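Descriptive structure summary
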Amino acid sequence: MKKNKIIVVLPAYNAEKTLEKTYLKIPKKIVDEIIVVDDASHDKTVEKAKKLKLKTFVHKKNLGYGGNQKTCYREALKLGADIVVMLHPDYQYDPKFIKYLIQPIIDNSFDVMLGTRIRTRDETLRNGMPLYKYISNRFLTIVENLVLGLNLSEYHTGFRAFRRNVLEKINLKNLSNDFIFDQQILISSHILGFRIGEIFNPSYYRKDSSSINFKRSLKYGLETLLNLFYYLIDKNKYLQKSFK
Ligand SMILES: Nc1nc2c(ncn2[C@@H]2O[C@H](COP(=O)(O)OP(=O)(O)OP(=O)(O)O)[C@@H](O)[C@H]2O)c(=O)[nH]1
Ligand SMILES: [Mg+2]
């Protein structure tokens, strides 16, 4: 059997303090290539990435988190990835779990895999997730599971893996350039019949970790509900819709 080409993409924005720590923990034996996309950071993210000799793509203008991921996936596909692992470079996730994340895709059990941060409430809060984020995450997860008919532990993780054909089939260009991209890519995967699986992997909110503020979280939460509404109205239209 041909070996799968595994590419890790790191969508970075002001990640100078955490990029190297994240990079060092990525298991190089498993991963064929690592790419960084910098979304016009104000700090030394690009210098750090180049120092680490990572393939680096730089946005001239800030596009947003979704716009960053679009570049990540486009470049990973160009480089011939069979499986793309998206990992936030803010050192919140433990990259040693990459091997567990990709295995079900290699085995053809699932097409999309999520590294979920919520195993127990205690553990998640102890690891630093703010209470309001925990509560809104649980609430949105219940609603998403009900609407989509899935049974996932969370939809908001920054540690995911996709089989190549998922990224080819979804019209990524039509999705939002903002944080809601993360929901849209999952809803679209589900509509297209791709199987979404999950593993548990603890995440840590450290001093240097990036974490969006209350206002942006609220906007993201409301947009998630709006996207579920669009899904309920017409799934086929959802796939054609331009969210930009
Ligand atoms: N392109 C872009 N990326 C961003 C922006 N804000 C944050 N990011 C990146 O997006 C990723 C996720 O942002 P976070 O702020 O960590 O948000 P989150 O992980 O969803 O939320 P937490 O679970 O609270 O950490 C991080 O890796 C950031 O580097 C932004 O304005 N533009
Ligand atoms: Mg974060």
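Attention in this report is confined to the structure presented alongside it. (Residues numbered from 1 in each chain as written. Chains lettered and ligands numbered in written order. Predicted model: local features only at pLDDT ≥ 70, side-chain atom pairs only at ≥ 80, totals over all residues. Heavy atoms only, no water.)

Counting its regular elements, the chain contains ten helices and seven strands. In terms of overall size, the chain behaves like a compact globule, its C-alpha atoms giving a radius of gyration of 17 Å where 244 residues would be expected to give roughly 18 Å. Dimensions of the chain along its principal axes, counting C-alpha atoms only, are 50 × 40 × 35 Å. Burial analysis of the chain (244 residues in total) assigns 55% to the buried set. Pairs at least 24 apart in sequence give 76% of the contacts found in the chain among residues at least 6 apart. Summed over all atoms, the accessible surface of the chain reaches about 11,900 Å², with 55% contributed by carbon and sulfur. The positive charge centre, built from 42 side chains, and the negative charge centre, built from 25, are 2 Å apart in the chain. (Helix = DSSP H or I, 4+ residues; strand = E, 2+ residues; numbered from the N terminus. Rg over C-alpha atoms; globule rule 2.2 N^0.38 Å. Buried < 20%, exposed > 50% of the residue type's maximum accessible area, 1.4 Å probe, protein only. Contact = heavy atoms within 4.5 Å. Areas by Shrake-Rupley, 256 points an atom, 1.4 Å probe, with all protein chains shown as cover. Lys, Arg positive; Asp, Glu negative; His and termini not counted. Charge placed at Lys NZ, Arg CZ, Asp CG, Glu CD.)

A pair of packed helices is captured by two measures, namely the crossing angle of their axes and the spacing between those axes. Closest axis-to-axis distance for the helix H8 (residues 181-191)/helix H9 (residues 214-233) pair is 10 Å, and the angle between their directions is 20°. By the angle between their directions, the pair H8 and H9 is classed as roughly parallel. In this structure, H8 meets H9 at a crossing whose hand is right-handed. Note on element contacts: H9 touches H8 through Tyr 220, Thr 224, Asn 227, Leu 228 and Tyr 231, opposite Asp 182, Gln 183, Gln 184, Ile 187, His 190 and Ile 191. Class assignment for the residues of the contact of H8 with H9 results in five nonpolar, five polar and one charged. (Axes fitted to C-alpha atoms, helices over the stretch in contact; angles between N-to-C directions. Parallel < 35°, antiparallel > 145°, perpendicular 65-115°, else oblique. Left-handed = near helix turned anticlockwise from the far one by under 90°. Nonpolar A, V, L, I, M, F, W, Y, C, P; charged D, E, K, R; others polar.)

In this section: a nonpolar patch on the surface. Taken together, the side chains of Tyr 132, Phe 139, Phe 214, Leu 218, Leu 222 and Leu 225 make up a nonpolar region of the molecular surface, amounting to roughly 580 Å² of accessible area. Elements supplying a minimum of two residues to the nonpolar patch: helix H6 (131-148) and H9. Here the nonpolar patch gets four residues from one element, more than from any other, and that element is H9. Positionally, Leu 222 belongs in helix H9. (Patch = residues over 30% accessible without salt bridge, like charges linked within 9 Å, V, L, I, M, F, W, Y side chains within 5 Å. Salt bridge = Lys/Arg side-chain N within 4 Å of Asp/Glu carboxyl O.)

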